[in-house]
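Structure at a glance
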Amino acid sequence: MKISDVRVRLVQKQDSKLKAVASITIDDCFVIHDIKIIEGNEGHFIAMPSRKTGEGEYKDIAHPINTETRQEVIDAVLNAYKIQVAQEQ
């Protein structure tokens, strides 16, 4: 698997923990939209796209199923976010 493209849209709300929304393209043929970049107590992290169930819980719609792939997605999205933030300044 190769992440062939990452696009980041910054969120312009001052007091929001949500900092950006990203999309990734895998192998130039599959895209995942609405990956959230959130500012947490220990730095930024990502949340995969999810939907609310009838019981009020949130379930991921798409997500990596192994640690290596998850880390590759995290690294690619957060690196693209840092680049986008630097370009905006």
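Residues numbered from 1 in each chain as written. Predicted model: local features only at pLDDT ≥ 70, side-chain atom pairs only at ≥ 80, totals over all residues. Heavy atoms only, no water.

The subject of this paragraph is the overall build of the protein. Of regular secondary structure, the protein possesses one helix and six strands. The order of α-helices and β-strands along the protein, N terminus first, is β-β-β-β-β-β-α. By principal-axis analysis of the C-alpha atoms, the protein measures approximately 35 × 35 × 20 Å. Within the protein, buried positions represent 28% of all 89 residues. Considering only contacts within the protein whose residues lie at least 6 apart along the sequence, 30% involve residues at least 24 apart. For the protein, the exposed area adds up to about 6,500 Å²; of that, 48% sits on carbon and sulfur atoms. Across the protein, 12 positive and 14 negative side-chain charges occur, with their mean positions spaced 5 Å apart. (Helix = DSSP H or I, 4+ residues; strand = E, 2+ residues; numbered from the N terminus. Buried < 20%, exposed > 50% of the residue type's maximum accessible area, 1.4 Å probe, protein only. Contact = heavy atoms within 4.5 Å. Areas by Shrake-Rupley, 256 points an atom, 1.4 Å probe, with all protein chains shown as cover. Lys, Arg positive; Asp, Glu negative; His and termini not counted. Charge placed at Lys NZ, Arg CZ, Asp CG, Glu CD.)

The subject of this paragraph is the sheet that holds strand β4 (residues 43-47). Strands sit in the order β1-β2-β3-β4 across an open sheet of four strands; the sheet is antiparallel. Since the sheet does not close on itself, it has two edges, and those belong to β1 (3-10) and β4, each with one partner. Taking the axes of each pair of neighbouring strands and ignoring which way they run, one obtains an average angle of 25 degrees across the sheet. Here strand β2 (residues 18-26) pairs with strand β3 (residues 30-40) via seven bridges, running antiparallel. Looking across to β3, one finds that I26 is bridged to F30. Most of the contacts of helix α1 (residues 67-88) go to β1, to which it runs at about 45 degrees, and overall it touches β1, β2, β3 and β4. (Pairing = 2+ DSSP bridges. Axes fitted to C-alpha atoms, helices over the stretch in contact; angles between N-to-C directions.)

What follows covers the nonpolar core. The biggest cluster of nonpolar side chains holds 16 residues, and the ones touching the most others in it are V8, I24, I35, I37, I46, V73 and V77. Going through the elements one at a time, β1, β2, β3 and α1 are the ones with two or more residues in this core. Considering each element in turn, this core owes the most residues, five residues, to α1. Those residues in contact with V77, other than ones at most four positions away along the chain, are V6, V8, A22, I24, I37 and I46. (Core = buried A, V, L, I, M, F, W, Y, C linked by side-chain atoms within 4.5 Å.)

The next subject is unusual backbone geometry. Within the chain, D27 stands out as a residue other than glycine whose phi angle is a positive 50 degrees. Mapped onto the elements, D27 comes out in the loop between β2 and β3. Owing to a relative accessible area of 41%, D27 belongs among the partly exposed residues under this scheme. Phi at D34 is positive, roughly 65 degrees, even though this residue is not glycine. Its location among the elements puts D34 in strand β3.

So, about the pattern of salt bridges. Counted according to the given criterion, the structure contains two salt bridges. For D5, the salt bridge identified is with R7, shortest N-O distance 2.7 Å. With relative accessibility at 27%, the residue D5 sits in the partly exposed group. Put simply, K19 and E39 hold a salt bridge, and the shortest N to O gap is 3.3 Å. With a gap of 20 residues between them, K19 in strand β2 and E39 in strand β3 connect regions that are remote in the sequence. (Salt bridge = Lys/Arg side-chain N within 4 Å of Asp/Glu carboxyl O.)

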